[in-house]
Amino acid sequence: MPKKLTALLLLLPIVLSGCIASRQIESAAVIETVSVSRQGGSQLYTFFRLTDSDSPDAVSVPAESFEQALQLAAAQYIPNLSLAKLELLLYQTDVERKALRADIDYISTQASFSPVACLALCDENVLRRLRQKTETQSLIKQQLILCKNQNPTVQLDYLSVFNSFARQSPNSFSVAFITSDGEMKISAGKME
Amino acid sequence: MKTEVPFSSKRLFMTLMLCACAVILLQNHDLSADASFWVNLLSVFAGLGVCFFYFLPAIILKKKYNTDVMTLANQAGTPLKWATAVFYALYFLFTAEYFLIPYTDMFCKKYYAGAPPCLIALAVLACCVYAAVKGVNVITRFGIFLFVLALVTNFLMFAGSASSLRFEENLAFRGTLSAFLQNSGYFITPCFIAAIYVCLSGYTRRFTWRQPLTALALTGLKYALVLFFIAFSAGEYAGRQEYETYLLSRVAHFGSFAGIESFYMALSTMSVFMITALLLCCTCRGFQLGGNVKWTAAFAALLFFVRFIAEKFDSLNELFTNAALLNGFTFVAAVVIPSAYLIGRKKHA
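Keep in mind that this is a model prediction, so the values were computed, not measured.

Asks: If you had to explain the overall build of chain A to someone new, which residues and values would you point to?
Replies: Of the regular secondary structure elements, chain A holds six helices and eight strands. Expressed as a percentage of its 192 residues, the buried residues of chain A come to 46%. Split by element, the accessible area of chain A, about 10,000 Å² in all, is 52% carbon and sulfur.

Asks: Any details on the confidence of the model for chain A? Residues and values, ideally.
Replies: The share of residues in chain A with pLDDT of 70 or more is 87%, and the mean pLDDT across the chain is 80. Within chain A, strand β5 (residues 88–92) of chain A carries the highest mean pLDDT (89), whereas helix α1 (residues 2–15) of chain A carries the lowest (71).

Asks: Let's hear about empty space enclosed by the protein: which residues, and what values?
Replies: All chains considered together, the criterion is met by one cavity of 30 Å³ or more. What the largest cavity holds in volume is close to 50 Å³. Forming the walls of the largest cavity are A:Gln110, A:Ala111, A:Phe113, A:Pro115, B:Lys110, B:Tyr237, B:Gln241, B:Glu242, B:Tyr243, B:Tyr246, B:Leu247 and B:Arg250. The element contributing the most residues to the lining of the largest cavity is helix α11 (residues 244–251) of chain B, with three residues. Classifying every residue of the lining of the largest cavity by side-chain character gives seven nonpolar, two polar and three charged.

Asks: With reference to specific residues and values, describe the confidence of the model for chain B.
Replies: When pLDDT is averaged across chain B, the result is 88; 97% of the residues are at 70 or more. Here the complex is predicted with pTM 0.86, and the ipTM for its interfaces comes to 0.76.

Asks: Tell me about helix α12 (residues 261–286) of chain B, and please be specific about residues and values.
Replies: All names here are of chain B. Between its first and last C-alpha, α12 extends 38 Å over 26 residues, near the 38 Å set by a 1.5 Å rise per residue. Among the 26 residues in α12, 21 count as buried, and that is most of the element. Within two residues after α12, glutamine 288 carries a phi angle of roughly 55°, on the positive side.

Asks: Tell me about unusual backbone geometry, and please be specific about residues and values.
Replies: All names here are of chain B. Positive phi, normally seen in glycine, also occurs at arginine 206, with a value near 60°. Mapped onto the fold, arginine 206 is located in the loop between β2 (204–205) and α9 (210–234). Phi is positive for glutamine 288, close to 55°, though the residue is something other than glycine. Mapped onto the fold, glutamine 288 is located in the loop between α12 and α13 (293–312).

Asks: Which residues make up the interface of chain A and chain B, and what values do they have?
Replies: Listed per partner, the contact involves 25 residues of chain A and 23 residues of chain B. Carbon and sulfur atoms supply 60% of the area that chain A and chain B bury against each other, a total of about 2,200 Å² over both sides. Run the count over chain A and chain B and you get one salt bridge. Across the contact surface, chain A and chain B share six residue pairs in polar contact (both at pLDDT 80 or more). The element contributing the most residues to the side of chain A that touches chain B is helix α6 (residues 158–166) of chain A, with five residues. Of the residues that constitute the side of chain A that touches chain B, the class distribution is 13 nonpolar, nine polar and three charged.

Asks: Can you break down the environment of B:Phe167 residue by residue, with the values?
Replies: Residue and element names in this part refer to chain B. When you line up the elements, phenylalanine 167 lands in the loop between α6 (136–161) and α7 (177–188). By relative accessible area, which is 38% here, phenylalanine 167 ends up partly exposed. Sequence separation between phenylalanine 167 and glutamate 318 is 151 residues; the distance between their C-alpha atoms is 36 Å.

Asks: Tell me what's going on with the pattern of salt bridges, and back it up with residues and numbers.
Replies: Residues and elements named next belong to chain B. For the structure on display, the rule yields 10 salt bridges over all chains. Ionic pairing is found between lysine 109 and glutamate 242, a salt bridge with its closest N-O pair at 3.1 Å. You can see lysine 109 sitting in helix α4 (residues 78–111) and its partner glutamate 242 sitting in the loop between α10 (236–239) and α11, a full 133 residues away along the chain. Accessibility expressed as a relative area gives 31% for glutamate 242, which makes it partly exposed. Of the charged contacts in the structure, one is a salt bridge between glutamate 261 and arginine 250, with a shortest N-O distance of 3.0 Å. Separated by 11 residues along the polypeptide, glutamate 261 in helix α12 and arginine 250 in helix α11 bring together distant segments of the chain. Judged by relative accessible area, which is 19%, glutamate 261 ranks as buried.

Asks: Which residues make up the nonpolar core, and what are the values?
Replies: One finds A:Phe47, A:Phe66, A:Leu89 and B:Phe55 to be the most contacted residues of the largest nonpolar core, which totals 165 residues. By residue number, the principal contributor to this core is α4(B), which donates 16 residues. Apart from residues no more than four positions distant in its own chain, A:Leu89 is found in contact with A:Val34, A:Phe66, A:Ile107, A:Phe113, A:Cys118, A:Leu119, A:Ala120 and A:Tyr158. If you look at the next biggest cluster of nonpolar residues, it comprises 18 residues, including A:Ala120, A:Cys122, A:Val154 and A:Ile178.

Asks: Before we move on, could you go through the environment of B:Ile275 and cite the residues and values that matter?
Replies: Its location among the elements puts B:Ile275 in helix α12. In this structure the C-alpha to C-alpha distance between B:Ile275 and B:Ser262, which are 13 residues apart in sequence, comes to 20 Å.

Asks: Residues and numbers for the pairing of strand β2 (residues 42–49) of chain A, please.
Replies: Residues and elements named next belong to chain A. Among the eight residues that make up β2, six are buried, leaving the element largely enclosed by the rest of the structure. For strand β1 (residues 29–39) and β2, the ladder comprises eight bridges, and the chain directions are antiparallel. Along β2, the bridge assignment pairs isoleucine 31 with arginine 49. Linking β1 to β2, which pair antiparallel, is a turn of two residues; within it glycine 40 sits at a positive phi near 65°. Two strands pair when backbone bridges link them, and β2 and strand β3 (residues 57–63) are joined in this way by seven bridges, in the antiparallel orientation. In the sheet register, glutamine 43 faces β3, and the bridge partner there is alanine 63.

Asks: Describe in detail the packing of α4(B) against helix α15 (residues 323–348) of chain B, supporting the description with residues and values.
Replies: All names here are of chain B. Where α4 meets α15, the axes come as close as 11 Å, and the angle between the chain directions of the two elements is 150°. As the angle between them shows, α4 and α15 are arranged roughly antiparallel. Here α4 runs over α15; the crossing is left-handed. Mapping the contact onto sequence places Leu80, Thr84, Phe87, Tyr88, Tyr91, Phe94, Thr95 and Tyr98 in α4 and Ala323, Leu325, Leu326, Phe329, Thr330, Val332, Ala333, Ile337, Pro338 and Tyr341 in α15. Looking at the contact of α4 with α15 residue by residue, the classes come out as 15 nonpolar, three polar and no charged.

Cut-offs applied
- Residues numbered from 1 in each chain as written.
- Chains lettered and ligands numbered in written order.
- Predicted model: local features only at pLDDT ≥ 70, side-chain atom pairs only at ≥ 80, totals over all residues.
- Heavy atoms only, no water.
- Helix = DSSP H or I, 4+ residues; strand = E, 2+ residues; numbered from the N terminus.
- Buried < 20%, exposed > 50% of the residue type's maximum accessible area, 1.4 Å probe, protein only.
- Areas by Shrake-Rupley, 256 points an atom, 1.4 Å probe, with all protein chains shown as cover.
- pLDDT = per-residue confidence, 0-100.
- 1 Å grid on protein atoms, 1.4 Å probe; cavity = no way out; pocket = protein on both sides within 12 Å on 5 of 7 lines; lining within 4 Å.
- Points joined across faces, edges and corners; volume = space filled by probe spheres on them.
- Nonpolar A, V, L, I, M, F, W, Y, C, P; charged D, E, K, R; others polar.
- Expected span 1.5 Å × (residues − 1).
- Contact = heavy atoms within 4.5 Å.
- Buried area = accessible area lost by both parts, 1.4 Å probe.
- Salt bridge = Lys/Arg side-chain N within 4 Å of Asp/Glu carboxyl O.
- Polar contact = N/O pair within 3.5 Å; in protein donor to acceptor, adjacent residues only side chain to side chain.
- Core = buried A, V, L, I, M, F, W, Y, C linked by side-chain atoms within 4.5 Å.
- Pairing = 2+ DSSP bridges.
- Axes fitted to C-alpha atoms, helices over the stretch in contact; angles between N-to-C directions.
- Parallel < 35°, antiparallel > 145°, perpendicular 65-115°, else oblique.
- Left-handed = near helix turned anticlockwise from the far one by under 90°.

If you want it as structure tokens, here you go:
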């Protein structure tokens, strides 16, 4: 009896290891960065997949909110979409604060989302560079860390941005603001 | 059938402390948002104070007569023996479900989306049957390793979250009486360890008063630290999350090493495993079936069946995760029945 029980116990971890109904990494869409910009009257959500190629693998979805963009992206553009490894959320300065707050509120309910992902504002040139070269994403992340070291009051991660909004402080708080006019620059931008 | 060898009372209390700490590992929206950190701290003191009161009848039985309720029940007449055994069996099976349901839910929601909760429950129960057959002594030895893992995990969780501590606006003493009472009710939940002690204290030797006090003090310290980091590191974001303590393992950050969910899941898995195994041991002890593989497996099968049904019916799920109900049953199991046996023993003496 103990031998059979031991064999069963050894078998269970294999069964539970996830090899059954697994998702191959080639078919999974691991999203590394999401950018939000204004185009015409609506918002454009761009999902950048994790890739080893020089040119980014990006899919743009016009939507009214992050929630709708996720649904559309998963249904029409990127099946097997995963936000578990999302590291960077970029909002163009033109995006309305109301829409940004609604997105932040929605994301907080998503179990797979990492609260330590970075959130920053940016201009149109940064988003253009982001769509052209994959290395721009890692460059932005490096710059964001430098920015935080130089200016500790800047709210860099999603968690602190969410808390700053939730506390409804009468004063505005600082977030990272990225501009790209030839070379990339990061400064502290005010979030009202 | 195996006969347990007496082992150190200190080791049993360390195991019970780890079981009590598991309550906050599986915490899910049971604390009122109307109470600030300081009010919650008062609730911890109140809850664990009640827990000490729950321990008293079993401790007096142990200290004065060196026995426990199950031994006394077996010495009493057959109807009383069976009534006691059946009540405790039902109580311990209810308590095991109370932990098994939130654990399997958390595993599927937070860690392995898509996995059927029943399959996770089956895996945990299979291991628990093996451990319960081996006996309480072996489980408490396992507790020594779990204690070390708990230290490492808690250190990683708290040290990694320390960099994001924010004290602005969170330091106020704010709370209502109803919030205080609700949260105190939550912190009375660990009293189930007193009911375990009621059944297992007969196996132990060298009891001192310092042991329960140290176990409860360390449990309180763990709760206070978790509450502190949830309030000042995760902040308002924690209020939006299911399983708030789990969030601490996600925001813990050491440079490129971000998030220590695996450590957290390992600790909560082992804690639930230990609680369920101990509860199976207690259930078997009531019927004098300790070490009996078939009966232990039968009790585990009953647990699995209830878990399976609870997945289908939400009302059953809510019933088995109702803290007030558990606290009510615990009062009977840890205070009323041991006190009755204590009075009976005094009269008999």
